[in-house]
Amino acid sequence: MQILWTILLLILSNIFMTFAWYGHLKLQEMNISTSWPLIGIILFSWGIALFEYICQVPANRIGSQINGGPFSLVQLKVIQEVVSLTVFSCIVIFCFKGETIQWNHIAAFFCLILAVFFVFLK
């Protein structure tokens, strides 16, 4: 169960993270935030990032071997990076129509999956 909760919370955290980091660009593209001052954009992103941390911190606590979880810190970090790029790629494909995923992006993603494989080798 710890593995499942860790992964689910990491996915949710990264959805919030991606929208905190790039959602304001979508709002700008939609002419919603074009007149917002930079501090308004920053506060908007911080508000979303709060929910990222609400998910990220428990995911790391539940998943960490320090707290009896199944993952080392290195394993947690590599998992988080793969989840982050997966979530980012999905959001780019579905929300940012002008952006495309190229062959080299797929190759880089494959390398990250290999990183997960290697980090879990004994």
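Because the structure is predicted, anything quoted here is derived from the model rather than measured.

1. Points about the nonpolar core
Thought 1: Core analysis: the largest hydrophobic core is formed by 11 residues, namely Leu9, Leu10, Cys55, Ala59, Phe71, Leu76, Ile79, Val83, Val87, Ile91 and Phe96.
Thought 2: At the level of elements, α1 (2-29), α2 (38-63) and α3 (73-95) are the ones that each hand at least two residues to this core.
Thought 3: It is α3 that provides the largest number of residues to this core, a total of five residues.
Thought 4: If we skip the residues at most four places from it in the chain, isoleucine 79 touches Ile7, Leu10, Phe71 and Phe120.

2. Section: the packing of α1 against α2
Thought 1: Taken N-terminus to C-terminus, the directions of α1 and α2 make an angle of 165°; their axes are 8 Å apart at the nearest point. With respect to α2, the element α1 is oriented roughly antiparallel. Between α1 and α2 lies a crossing whose hand is left-handed.

3. A short note on the state of the cysteines
Thought 1: Scanning the model with the defined rule gives zero disulfides in all.
Thought 2: In this model cysteine 90 remains outside any disulfide bridge; the closest cysteine sulfur is found in cysteine 95, 10 Å from its own.
Thought 3: Residue cysteine 111 stays outside any disulfide, its sulfur separated by 19 Å from that of cysteine 90, the closest cysteine.

4. Focus on the packing of aromatic side chains
Thought 1: Scanning all chains against the criterion turns up six aromatic pairs.
Thought 2: Their ring planes at 65° and their centres at 5.3 Å tell us that phenylalanine 117 and phenylalanine 118 sit as a pair that is edge-to-face.
Thought 3: For phenylalanine 117, a relative accessible area of 49% translates into the label partly exposed.
Thought 4: The exposure class of phenylalanine 118 is exposed, given its relative accessible area of 51%.
Thought 5: Aromatic rings pair up to connect Trp21, Tyr22 and Phe88 into one cluster.
Thought 6: Above the face of the phenylalanine 96 ring, lysine 26 is positioned so that its terminal group lies 5.8 Å from the ring centre.

Rules and cut-offs
- Residues numbered from 1 in each chain as written.
- Predicted model: local features only at pLDDT ≥ 70, side-chain atom pairs only at ≥ 80, totals over all residues.
- Heavy atoms only, no water.
- Core = buried A, V, L, I, M, F, W, Y, C linked by side-chain atoms within 4.5 Å.
- Buried < 20%, exposed > 50% of the residue type's maximum accessible area, 1.4 Å probe, protein only.
- Helix = DSSP H or I, 4+ residues; strand = E, 2+ residues; numbered from the N terminus.
- Contact = heavy atoms within 4.5 Å.
- Axes fitted to C-alpha atoms, helices over the stretch in contact; angles between N-to-C directions.
- Parallel < 35°, antiparallel > 145°, perpendicular 65-115°, else oblique.
- Left-handed = near helix turned anticlockwise from the far one by under 90°.
- Disulfide = S-S within 2.5 Å.
- Phe/Tyr/Trp six-rings, centres within 6.5 Å; stacked < 30°, edge-to-face > 60°.
- Lys NZ or Arg CZ within 6 Å of the ring centre and 35° of its normal.

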